[in-house]
Amino acid sequence: MTASENRTPLPKNFFNRPTLTVARDLLGKTLVRRWRGVELRAKIVEVEAYIGQADTACHCSKGRTRRTEVMFGAAGHAYVYFVYGMHYMLNIVTEATGFPAAILIRAVEPLAGQEAMAALRGNSARNLTNGPARLCQAMAIDKQFNGWNLTTGDTLWVADAPAVPDAAVARGTRIGIGYAAPADQNALWRFWLKDNPFVSRK
DNA sequence: CTCTCGATGTTCT
DNA sequence: GAACATCGAGAGG
């Protein structure tokens, strides 16, 4: 088995660390989804961190509600939410139980199962996985995975892959958070792989 | 390439 | 009732 075919799920301890560290280390790892007998695989190429109740960009800044409950839970679980009346977003919960934080997966690069992904997106779609809602559609990720344990290797998980060197990592501000306080809008909490064509924006 | 705009339903005020 | 961690279509350069 080559590194690109690794199925070993990242353990809870990988996610139970400072969110910015986890975000940076998630780059290059493999998102795996078993769907109707097909294994969909994609490399994580862009992420954003949402950290704690003091972060006004984070949903958890509104407190512990039915929606944000998962973020207050154990690391390594999925936080999937619905926005704009039509889009799902995939996040991974980080840090200790009781501290709300998560990482939004913003873009991935398809590695296997591209035909199924294209069918899920609608075969006329031009952009397969370069956006948080697009990748959810391409990998059949919806509300059923909210609260899903991503560390067991069942149905949806993150597989280990070789670490990405610092020279390949870029960092900037988060996207689509104009409602947040200026300091939070300016935080460099978005990470992506330099020059990767599947990143959502330049 | 850029931009503007509408879709659509859950969540919280 | 307003806002929303977005996307795709359509108009224009």
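Above this text sits the structure in question.
Since the model is a prediction, treat every value here as computed from it, not as a measurement. (Residues numbered from 1 in each chain as written. Chains lettered and ligands numbered in written order. Predicted model: local features only at pLDDT ≥ 70, side-chain atom pairs only at ≥ 80, totals over all residues. Heavy atoms only, no water.)

K.L.:
Any chance you could explain unusual backbone geometry here in plain terms?
P.N.:
Note on backbone geometry: most residues besides glycine have negative phi, and most peptide bonds are trans. We note that R36 has phi near 50°; this positive angle belongs to a residue other than glycine. Look at R36 and you get exposed, because its relative accessible area is 73%. A positive phi angle, near 65°, is found at D195, a position not held by glycine. If you trace the backbone, D195 turns up in the segment after β8 (190–193). A residue is classified by how much of its surface remains accessible, and D195, at 79% relative accessible area, is exposed. (Buried < 20%, exposed > 50% of the residue type's maximum accessible area, 1.4 Å probe, protein only. Helix = DSSP H or I, 4+ residues; strand = E, 2+ residues; numbered from the N terminus.)

K.L.:
Teacher, can you tell me more about the protein's contact with DNA strand B here?
P.N.:
Close to DNA strand B lie T65, R67, F82, Y84, G85 and M86, which account for all nearby residues. Residue T65 places a side-chain N or O atom 2.5 Å away from a phosphate oxygen belonging to DNA strand B. Within the surface near DNA strand B, the residues separate by chemical class into three nonpolar, two polar and one charged. (Near = heavy atom within 4 Å. Polar contact = N/O pair within 3.5 Å; in protein donor to acceptor, adjacent residues only side chain to side chain. Nonpolar A, V, L, I, M, F, W, Y, C, P; charged D, E, K, R; others polar.)

K.L.:
So what exactly am I meant to see when it comes to the protein's contact with DNA strand C here?
P.N.:
Near DNA strand C you find 18 residues, and of these H59, N91, R121, R134 and Y179 are the closest. Atoms of DNA strand C within 4 Å of the protein belong to the sugar or the phosphate in 60% of instances, the rest to bases. In the model, a phosphate oxygen of DNA strand C is placed 2.7 Å from a nitrogen or oxygen of the R121 side chain. Here a phosphate oxygen of DNA strand C sits 2.7 Å away from a polar atom, N or O, in the side chain of R134.

K.L.:
Would you mind showing me how to read the environment of T19 here?
P.N.:
With respect to the element layout, T19 can be found in helix α2 (residues 19–26). Classification of T19 as buried rests on a relative accessible area of 1%. If we ignore the near neighbours within four places in the chain, the residues touching T19 are A49, I51, T94, E95, A101, A102 and I103. A polar contact of 2.7 Å, which involves the side chain of T19, links it to the side chain of T94. (Contact = heavy atoms within 4.5 Å.)

K.L.:
Can you help me understand the side chain of E95 in this one?
P.N.:
Inspection of the secondary structure assignment puts E95 in the loop between β4 (87–93) and β5 (101–112). Buried charged residue E95 carries no salt bridge. Nearest counter-charge: R17, at 9.9 Å. A polar side-chain atom of E95 sits 2.6 Å from a polar atom in the side chain of T19. Residues within four places of E95 in sequence aside, it is in contact with F15, N16, R17, P18, T19, I51, A75 and A101. (Lys, Arg positive; Asp, Glu negative; His and termini not counted. Salt bridge = Lys/Arg side-chain N within 4 Å of Asp/Glu carboxyl O.)

K.L.:
I keep staring at the packing of aromatic side chains and nothing clicks. Help me out?
P.N.:
According to the stated counting rule, one finds four aromatic pairs in the structure shown. Between F145 and W148, the ring centres sit 5.2 Å apart and the planes meet at 80°, which makes this aromatic pair edge-to-face. Residue W148 is classed as partly exposed on the basis of its relative accessible area of 25%. In this arrangement the basic side chain of R174 is found over the ring face of Y50, its NZ or CZ atom lying 4.8 Å from the centre. Lying over the aromatic face of W192, R190 brings its terminal NZ or CZ to 4.3 Å of the ring centre. (Phe/Tyr/Trp six-rings, centres within 6.5 Å; stacked < 30°, edge-to-face > 60°. Lys NZ or Arg CZ within 6 Å of the ring centre and 35° of its normal.)

K.L.:
For this particular structure, what's the right way to read the nonpolar core?
P.N.:
As a rule of thumb, soluble globular proteins bury nonpolar side chains together. Ranked by size, the top nonpolar core spans 43 residues in total, and within it F15, L26, L31, I105 and I141 carry the most contacts. With five residues, strand β2 (residues 38–51) is the largest single contributor of residues to this core. For L31, the residues in contact, after removing those within four places along its chain, are L40, R41, A42, I44, L90, V108, L135, M139, I141, L156, W157 and V158. Formed by 17 residues, the second largest nonpolar core is a distinct cluster that contains C60, M89, A133 and A180. (Core = buried A, V, L, I, M, F, W, Y, C linked by side-chain atoms within 4.5 Å.)

Purely geometric numbers; function is a separate question.
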